[in-house]
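Read off the chains here:
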Amino acid sequence: SSVEVSAANAFGSQDISNMLWAYATTKCIAVSPLPPLADRAAKLGWDQFQPQEVSICMWAAMTLGVADARPQVHAAVQRLLQHTARQIRKGGTSSFEPRHLSNAAWALARWQRHCRLTGLRQECKAAVARPALRSIAQEASGRLDDFAEHELVRLLWALGSEGCLHLRLLAKPLTTTLSKPSSSSSDSLPFPSNRLVKLDVEQLTTLATVLSWTLERAVWEPRAAQGRNALPAVPGDDRSGFRETTRDAAIEKQSRGQQPHSDEESPNFVGQQVSQALDKPTPPPPPPPPPSPPPLPSSAPLEGRLRDDDTRRRRRRNG
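With respect to the overall build of the protein
From N to C terminus, the protein includes 14 helices and zero strands. Counting helices and strands in the order they occur from the N terminus, the protein gives α-α-α-α-α-α-α-α-α-α-α-α-α-α. A total of 319 residues make up the protein; the buried ones form 39% of that total. Total accessible area on the protein is roughly 18500 Å²; 55% of this is exposed by carbon and sulfur atoms.

Let's talk about the pattern of salt bridges
For side chains of opposite charge, pairing can occur when their charged atoms come near one another. For the structure shown, the criterion picks out nine salt bridges. Its salt-bridge partner being Lys-180, residue Asp-145 comes within 2.5 Å of it at the nearest N-O pair. Linking Asp-145 in the loop between helix 7 (126–140) and helix 8 (149–161) with Lys-180 in the loop between helix 9 (167–178) and helix 10 (201–220), this pair joins segments that are 35 residues apart in sequence. The partly exposed category is assigned to Lys-180, whose relative accessible area is 34%. Measuring nitrogen to oxygen at the nearest pair gives 3.1 Å for the salt bridge that ties Glu-149 to Arg-195. Of the two residues, Glu-149 sits in helix 8 while Arg-195 sits in the loop between helix 9 and helix 10, which places them 46 residues apart along the sequence. Connected via shared salt-bridge partners are Arg-116, Glu-123 and Glu-162.

The rules behind each value
- Residues numbered from 1 in each chain as written.
- Predicted model: local features only at pLDDT ≥ 70, side-chain atom pairs only at ≥ 80, totals over all residues.
- Heavy atoms only, no water.
- Helix = DSSP H or I, 4+ residues; strand = E, 2+ residues; numbered from the N terminus.
- Buried < 20%, exposed > 50% of the residue type's maximum accessible area, 1.4 Å probe, protein only.
- Areas by Shrake-Rupley, 256 points an atom, 1.4 Å probe, with all protein chains shown as cover.
- Salt bridge = Lys/Arg side-chain N within 4 Å of Asp/Glu carboxyl O.

Everything listed here is a matter of coordinates, which is why it stays silent on function.
Structure (structure tokens):
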């Protein structure tokens, strides 16, 4: 209503996050404040929001969008999540705490999965969502020890469900943090305990499912598709991560009607480079089989002539 819009125009960043958190916590969808608050946040600029406020707004918008069936609410969720994802990619996540990283990644991936399962058309663009998840994964890879168990499982589920859990980046730190001794484990266990002991059955199942998704993609998915989902390259590696980030940015620009600044920002250029690097030379086709020999002449005419000669000789003897 006009009253809600006028009230939202006076809100600051903390007011917006507090209002969205209150409505999402109580699951109050009778009168959704999401559309006017999303517009107000866009006017303020997401660079004015603190990391905690960004993650709260993303979580609350996703929660309200899943619970509400109105198209205008779904459009507001899509708009808010895409704006925050662009801000995460552009501004980075170095100031985010582990819980902020986990909540932001989970909200983004949960909304994407909800749209795919229910057939909603308000799914965020992959060229916006995946680079944000890659940025979160890059930042989280060096701080996995600081994550609580439920935060770590949520983060891994978010990355795995969107194809952004890259083993080259996260396998070693994840193995290290999960194998560390657990300080709260019981001394009565007959074996050395680690952080896995703290996980409940649901968290263990989620962790195993996410790792199976990642291994399945690594084994069965075409290499070109793995490259499109790749995370930024670690120092010392090739420029595949840079090229994939450039490809996502070029696709996003084309979807908004903008032209790439250079040839290297063109998705066709990057796709050609990836294809040339991955495609193997095909062997030459085998030579055609030699032509079959002509059929042998039939002996039927010769036999007929011999029979005629015998008949004439018998007639001359008898005559």
